[in-house]
Amino acid sequence: MTDESDSPGLIGRIRDKLIRSKQEWAAEGRLITGRPDLGHVNRLPPGQKEVKNWPVLDLGVQPDIAPEKWRLQVVGLVENPIALTLDQFKALPQQDFVSDIHCVTSWSRYDNHWQGVSSKALLDLVKPKPEAKHIVFHAYDGYTTNVTTRVFADDNVLLAHSWEGKPIPRDHGGPVRVIIPDWYFWKSAKWITRIVFHAEDKPGFWETRGYHNEGDPWKEQRYS
Ligand SMILES: Nc1nc2c(c(=O)[nH]1)N[C@H]1C(S)=C(S)[C@@H](COP(=O)(O)O)O[C@H]1N2
Ligand SMILES: [Mo]
């Protein structure tokens, strides 16, 4: 198996201190303004600041996946489970996307140009069964995060391999990462390797550590 997400020791190597401080933020309700912007009147969601750079945030393990070793499995409650190589992934219909990033730690970055495979194209390929209402993303660093199949099916969701015309660098989740612009960025798994469809919701890494189960920036769904 090329999937190292289940190998022992990965979670043990992650930055315990960073995780603890983020959990403290959650416990304190840090950054909550109490003024949600349900009508999306402002481009910048409440409590956010625009940045021009692109900060790196992860658990401190940045897997180095050789392109020929990379695999994407899309499995679980689907009619056609698949396991793709990077070449096969890049042979799927490609699309360009532009979207803003909103990280729960308060930075937002406008107008990111992505290229990759739309979630719709993937869904057409695997054909989720009617009961497959929930998805868990599994990454090469052991990270997981959950979304509903409905959110994944949104028009602006993709599996991206390029940003601003260049391959997504390793620290930002290359060779391939998820992009879900309508949710805080912790839902956008870097180093994606497995997408599993479930009947039941299965909260992921941050969702079981004090973060909100959804994550709408305009509703300030930062913490649970
Ligand atoms: N595999 C993986 N994906 C991840 C994370 C992670 O630790 N591992 N961190 C999440 C969080 S909390 C954020 S804010 C974004 C950061 O992405 P960036 O480093 O490209 O800005 O990745 C998300 N996806
Ligand atoms: Mo984050």
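What to know about the overall build of the protein
A count of helical and extended segments in the protein gives five helices and eleven strands. The C-alpha atoms of the protein give a radius of gyration of 17 Å, which matches the 17 Å a tight globule of 224 residues would have. Based on the C-alpha atoms only, the size of the protein along its principal axes is roughly 45 × 40 × 35 Å. Taken across its 224 residues, the protein has 52% of its residues classed as buried. When contacts within the protein are restricted to residue pairs at least 6 apart in sequence, long-range pairs at least 24 apart make up 71% of them. Summing over all exposed atoms, the protein offers an accessible surface of approximately 10600 Å²; the carbon and sulfur share of this is 51%. Positive and negative side-chain charges in the protein, numbering 29 and 30 respectively, have mean positions lying 3 Å apart.

Observations regarding the pairing of strand β6 (residues 134-139)
Within β6, six of the six residues are buried, which leaves the element mostly enclosed by the surrounding structure. Hairpin geometry of β6 and strand β7 (residues 144-148) is characterised by an intervening segment of four residues between the two adjacent antiparallel strands and by a positive phi of about 95° at G142. Note: β6 against strand β11 (residues 192-198), six bridges, orientation antiparallel. Across the sheet, H138 pairs through a bridge with R194, a residue of β11.

Brief notes about the packing of aromatic side chains
In the structure shown here, the tally under the stated rule is eleven aromatic pairs. Directly above the aromatic system of Y110 lies the positively charged group of R43, at a separation of 4.0 Å from the ring centroid. Just above the ring of F205 sits the side chain of R209; from NZ or CZ to the centre is 3.7 Å.

Notes on the site of ligand 1
Lining the immediate environment of ligand 1, one finds 21 residues, of which P55, D141, H172, R177 and K190 sit closest. A distance of 2.8 Å separates an oxygen atom of ligand 1 from a polar backbone atom of L57. H172 places a polar side-chain atom, nitrogen or oxygen, 2.7 Å from an oxygen atom of ligand 1. Its free accessible area being 530 Å², ligand 1 has 100% of it covered by the protein chains. Because more than half of its atoms lie within 2 Å of the grid, ligand 1 is assigned to the largest cavity.

Topic: the environment of R71
As for its position among the elements, R71 is in strand β2 (residues 71-76). Look at R71 and you get partly exposed, because its relative accessible area is 28%. In this structure the C-alpha to C-alpha distance between R71 and Y140, which are 69 residues apart in sequence, comes to 10.0 Å. Within the structure, R71 has its side chain in polar contact with the backbone oxygen of E68 (distance 3.1 Å).

Some thoughts on the nonpolar core
One finds F89, F137, F152, L159 and I195 to be the most contacted residues of the largest nonpolar core, which totals 44 residues. Breaking this core down by element, the ones donating at least two residues are α2 (16-28), β2, β3 (82-85), α3 (86-90), α4 (119-126), β6, α5 (149-152) and β11. If we ignore the near neighbours within four places in the chain, the residues touching I195 are L72, Q73, V74, V75, L122, I135, V136, F137, F152 and L159.

Section: the layout of surface pockets
Taken as a whole, the largest pocket spans an internal volume of roughly 160 Å³. What lines the largest pocket is simply T148, R150, V151, D154, D182, W183, E214, D216, K219 and Q221. Broken down by class, the residue content of the lining of the largest pocket amounts to two nonpolar, two polar and six charged.

Rules behind the numbers
- Residues numbered from 1 in each chain as written.
- Chains lettered and ligands numbered in written order.
- Predicted model: local features only at pLDDT ≥ 70, side-chain atom pairs only at ≥ 80, totals over all residues.
- Heavy atoms only, no water.
- Helix = DSSP H or I, 4+ residues; strand = E, 2+ residues; numbered from the N terminus.
- Rg over C-alpha atoms; globule rule 2.2 N^0.38 Å.
- Buried < 20%, exposed > 50% of the residue type's maximum accessible area, 1.4 Å probe, protein only.
- Contact = heavy atoms within 4.5 Å.
- Areas by Shrake-Rupley, 256 points an atom, 1.4 Å probe, with all protein chains shown as cover.
- Lys, Arg positive; Asp, Glu negative; His and termini not counted.
- Charge placed at Lys NZ, Arg CZ, Asp CG, Glu CD.
- Pairing = 2+ DSSP bridges.
- Phe/Tyr/Trp six-rings, centres within 6.5 Å; stacked < 30°, edge-to-face > 60°.
- Lys NZ or Arg CZ within 6 Å of the ring centre and 35° of its normal.
- Near = heavy atom within 4 Å.
- Polar contact = N/O pair within 3.5 Å; in protein donor to acceptor, adjacent residues only side chain to side chain.
- 1 Å grid on protein atoms, 1.4 Å probe; cavity = no way out; pocket = protein on both sides within 12 Å on 5 of 7 lines; lining within 4 Å.
- Sits in = over half its atoms within 2 Å of the grid points.
- Core = buried A, V, L, I, M, F, W, Y, C linked by side-chain atoms within 4.5 Å.
- Points joined across faces, edges and corners; volume = space filled by probe spheres on them.
- Nonpolar A, V, L, I, M, F, W, Y, C, P; charged D, E, K, R; others polar.

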